[in-house]
Amino acid sequence: LEGYDRYVMECTAAGKTFYPAAEVKNGLVYFTVDGLMATQMNENIHSVLHLIKGDETFTSVEDDYSIACYAYTTLNKPEATDSIKTLCANLLRYGSLAQLYKGYETDALADEEMTELHKSYLTHMDTVTFGSNNRLLGDVAEPAVTWFGKSMILDSKVTVVYVLNTNGYEGSLEDLRLRVTYEAIDGTTTELELEDLQVYNEAAGLYSFKLDTLLAAELRAVVSAAVYSGETQVSETLCYSADTYGNGKTGILKDVCAALFAYSDASKAYFLSLN
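To keep things clear, this report deals only with the structure shown in the data block.

What counts and how
- Residues numbered from 1 in each chain as written.
- Predicted model: local features only at pLDDT ≥ 70, side-chain atom pairs only at ≥ 80, totals over all residues.
- Heavy atoms only, no water.
- Buried < 20%, exposed > 50% of the residue type's maximum accessible area, 1.4 Å probe, protein only.
- Helix = DSSP H or I, 4+ residues; strand = E, 2+ residues; numbered from the N terminus.
- Arc of directions from axis to C-beta.
- Contact = heavy atoms within 4.5 Å.
- Core = buried A, V, L, I, M, F, W, Y, C linked by side-chain atoms within 4.5 Å.
- Phe/Tyr/Trp six-rings, centres within 6.5 Å; stacked < 30°, edge-to-face > 60°.

1. Description of helix H1 (residues 67-75)
A turn of α-helix holds 3.6 residues, and therefore any two residues three or four places apart point the same way. Three or more residues of H1 are buried, namely Ala68, Ala71, Tyr72, Thr74 and Leu75. Relative to the axis of H1, the buried residues are bounded by an arc of 160° and lie together on one face. Where H1 is buried, its residues meet helix H2 (82-102) and helix H3 (116-119).

2. Here we look at the nonpolar core
Formed by 61 residues in total, the largest nonpolar core has its most connected members in Tyr94, Tyr162, Leu178 and Leu260. Among the elements that line this core, the one with the most residues is helix H4 (residues 251-273), at 10 residues. Apart from residues no more than four positions distant in its own chain, Tyr162 is found in contact with Trp147, Gly149, Lys150, Leu178, Tyr207, Ser208, Phe209, Leu211, Val223, Ala225 and Leu238. The next biggest cluster of nonpolar side chains, apart from the first, holds 7 residues, and it includes Cys11, Leu36, Ile45 and Leu51.

3. Side note on the packing of aromatic side chains
For the coordinates displayed, the defined rule picks out 5 aromatic pairs. Taking the centre distance of 5.9 Å and the plane angle of 70° together, the rings of Tyr4 and Phe58 count as edge-to-face. Taken together, the residues span a long stretch of sequence, with Tyr4 in the segment before strand E1 (6-13) and Phe58 in strand E6 (residues 56-59) at a distance of 54 residues. We classify Phe58 as partly exposed; its relative accessible area is 36%. With a centroid separation of 6.2 Å and 85° between ring planes, the pair formed by Tyr7 and Phe31 is classed as edge-to-face. One end of the pair, Tyr7, is in strand E1; the other, Phe31, is in strand E4 (residues 28-31), and 24 residues separate them in sequence. Judged by relative accessible area, which is 27%, Tyr7 ranks as partly exposed.

4. Overview of the environment of Gly230
Position of Gly230 relative to the elements: it lies in the loop between strand E15 (223-229) and strand E16 (232-233). Counting along the chain gives 54 residues from Gly230 to Leu176, while the straight-line C-alpha distance between them is 7.1 Å. Residues within four places of Gly230 in sequence aside, it is in contact with Asp175 and Arg179.

This is the structure:
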């Protein structure tokens, strides 16, 4: 792209047009499209690159691509490893089940073109287990903030929602922070402080924090979370993992959870195979 004043990537997906930011790595320019839902794996991203030099604009040929296209291309490559094919097969099934659960374009499921060979890479659903990580450490004797519940949102990211009961807290809600710690996929420790406290049920004194930084390969990581007001811990530490959410679920939601964590396990196995 040398010789041009600037360049703009124009993408259209699901009826919306957006312009992803450029990132340069090793002399190559990358444009990352994010924000797609699990239900949208089969939807094409229509892209054109505009190169601007002075008063002239040069437009590239149009390109259509999708997450499903990448997965099928990988599954069809003879040289692709079993670990990446297992990842792609489980990804397509998760997307398809998410579509069925949400009732989203169910006439064009992400996995509908999978062959028997493709399906041979799928993890058997009945072998997928859920976690049992949901405990309080009892490290604060009389917590001003207590834990009301946890939930999970399956959208463009897997988001863990922590719901707090603040009725015993007398300070300013603006001072509350959620400090979380978990082991990243590369073995290092991730430490975050979440500041965006959101209303969950104001009349009941319930508020929430959302954790959306977990990678697909990290969804079984046990996350330690504690609420702070300034430097003072005002809640007990809660230890929880996203896969614990799958316990007790039934029907299509149970299938979605099983497919998600099969994909998560495949993602972790693929990452470990590279290192």
